[in-house]
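What the coordinates show
Each chain, letter by letter, is given below.
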Amino acid sequence: MAQQQTHIELNRTGDKMPLVGFGCWKIDDSDCEDTIYNAIKAGYRLIDGAAVYENEVGVGRGINKAIKEGIVKREDLFVVTKLWNTYHQKDHVRPAIDRSLKDMGLDYVDLYLIHFPVPTKYVDPAVKYPGGWIEEGKETISYERSPIHVCWAEMEKLVDAKVARNIGVSNFNVMALLDLFTYCRYKPATLQVELHPYLQQKRLVEWVQKQGVAVTAYSSFGPASYVTMSDEGKTAKPLLSHELVQDIASRTGKSPAQVLLRWSVQRNVAVIPKSMHQERMKTNLDIFGWTLDQKDVDAINKLEMGARFNDTVTYGLDLPLFD
Ligand SMILES: NC(=O)c1ccc[n+]([C@@H]2O[C@H](COP(=O)([O-])OP(=O)(O)OC[C@H]3O[C@@H](n4cnc5c(N)ncnc54)[C@H](OP(=O)(O)O)[C@@H]3O)[C@@H](O)[C@H]2O)c1
């Protein structure tokens, strides 16, 4: 078998972004130091965090413990974090990354993403950090008249200031990217979006990859992390126990999770599974050195049903962001 790539080379810097990383959403800050340390020990080199996950202090402790113990050097790691909606304005982008860096105890991140193309009203970190979707005491989103081009220009300055090696976006669609391409000095290195067999976004992925922008899938296990968050997450048939995925897993001697992750990396789409269990951490990383047959890929492709779980509307927000 030909040598399989375990990373994607990013535009502009040529940095090697691992195809498998570790996701930090929904890890309690108090568990984060051990979890991230264990993930690095298990072999993860990409850590995908965000200010809004409210655990950057723990993430940083886990990273710095692994570095201190000589398990990795800082330059072996690819640390990702994200700019929250309340900090899109010109004067708030740099302080936002500075806060993330301070919380993590790091000098730079490898990739900084605009989390959502949704500028919302600034919330002073001294009052509440991080701001949420909805301002305290309000029932609907308070938008800020802050254009993405202003935010992106500030993101580009983070590259010049060497606090972010690469910059990118998350939850953007083709229209938002096309607009960004018309004025950017630095093209986004990556796009991070929800992707799994129930929501494959084939046309988006292929077009974005053709533009030289790497694609990262979040929520590779579909409804798994949305069961307690929405009716859609609760009622959808779990992908990990779907009979087709289970059948492919037992025929190939792999776990259902490995089948779903492998399906993604075979599209050259990076994955960032999260698990609190060390055994799962290890197997989720072990998805190279074998391939899914085309007939199995074709069968998984038939599971498409346009089911989006990280949907602002299903959270009760008055924002059909993906329409
Ligand atoms: N940019 C964005 O807007 C955005 C949105 C959502 C997520 N993300 C990123 O993407 C990452 C991953 O997405 P996600 O957190 O939605 O979830 P995910 O990785 O798709 O799924 C996590 C769920 O699957 C379970 N799991 C993990 N490995 C398993 C295995 N081998 N067998 C069975 N169950 C397994 C986990 O349980 P245990 O922990 O108990 O193992 C957890 O319940 C996030 O952590 C975050 O970094 C980004």
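Residues numbered from 1 in each chain as written. Predicted model: local features only at pLDDT ≥ 70, side-chain atom pairs only at ≥ 80, totals over all residues. Heavy atoms only, no water.

1. Considering the nonpolar core
- Counting 105 residues, the largest nonpolar core has Met17, Ile36, Leu83, Tyr112, Met155 and Leu191 as the members making the most contacts within it.
- Excluding residues within four positions of it along the chain, methionine 155 makes contact with Leu83, Val93, Tyr112, Leu113, Ile114, Ile167 and Gly168. (Core = buried A, V, L, I, M, F, W, Y, C linked by side-chain atoms within 4.5 Å. Buried < 20%, exposed > 50% of the residue type's maximum accessible area, 1.4 Å probe, protein only. Contact = heavy atoms within 4.5 Å.)

2. Brief notes about the site of the ligand
- By nearness alone, 29 residues border the ligand, and Asp48, Ser219, Ser225, Ser275 and Arg280 come closest of all.
- A distance of 2.9 Å separates a nitrogen atom of the ligand from a polar side-chain atom of serine 170.
- Residue classes in the shell around the ligand are distributed as 13 nonpolar, 12 polar and four charged. (Near = heavy atom within 4 Å. Polar contact = N/O pair within 3.5 Å; in protein donor to acceptor, adjacent residues only side chain to side chain. Nonpolar A, V, L, I, M, F, W, Y, C, P; charged D, E, K, R; others polar.)

3. Section: the side chain of glutamine 4
- Looking at the secondary structure, you find glutamine 4 in the segment before β1 (7–9).
- With a relative accessible area of 17%, glutamine 4 lands in the buried category.
- Within the local environment of glutamine 4, its side chain forms a polar contact with the side chain of arginine 262, the two groups lying 3.1 Å apart.
- Separated by 3.1 Å, the side chain of glutamine 4 and the backbone oxygen of tryptophan 290 make a polar contact.
- Beyond its immediate sequence surroundings of up to four residues, glutamine 4 is in contact with Arg262, Phe288, Gly289, Trp290 and Thr291. (Helix = DSSP H or I, 4+ residues; strand = E, 2+ residues; numbered from the N terminus.)

4. Quick look at empty space enclosed by the protein
- With the rule as written, the count across this model stands at two cavities of 30 Å³ or more.
- Considering only enclosed or pocket space, the largest cavity measures out at about 70 Å³ in volume.
- Met17, Leu46, Asp48, Gln192 and Thr216 are, among the 15 residues lining the largest cavity, the residues nearest its centre.
- Residue composition of the lining of the largest cavity, grouped by class: 10 nonpolar, four polar and one charged.
- Space inside the second largest cavity adds up to approximately 40 Å³.
- Lining the second largest cavity are Thr86, Thr120, Lys121, Val123, Gly132, Trp133, Ile134, Glu135 and Ser142.
- The class makeup of the residues in the lining of the second largest cavity is three nonpolar, four polar and two charged. (1 Å grid on protein atoms, 1.4 Å probe; cavity = no way out; pocket = protein on both sides within 12 Å on 5 of 7 lines; lining within 4 Å. Points joined across faces, edges and corners; volume = space filled by probe spheres on them.)

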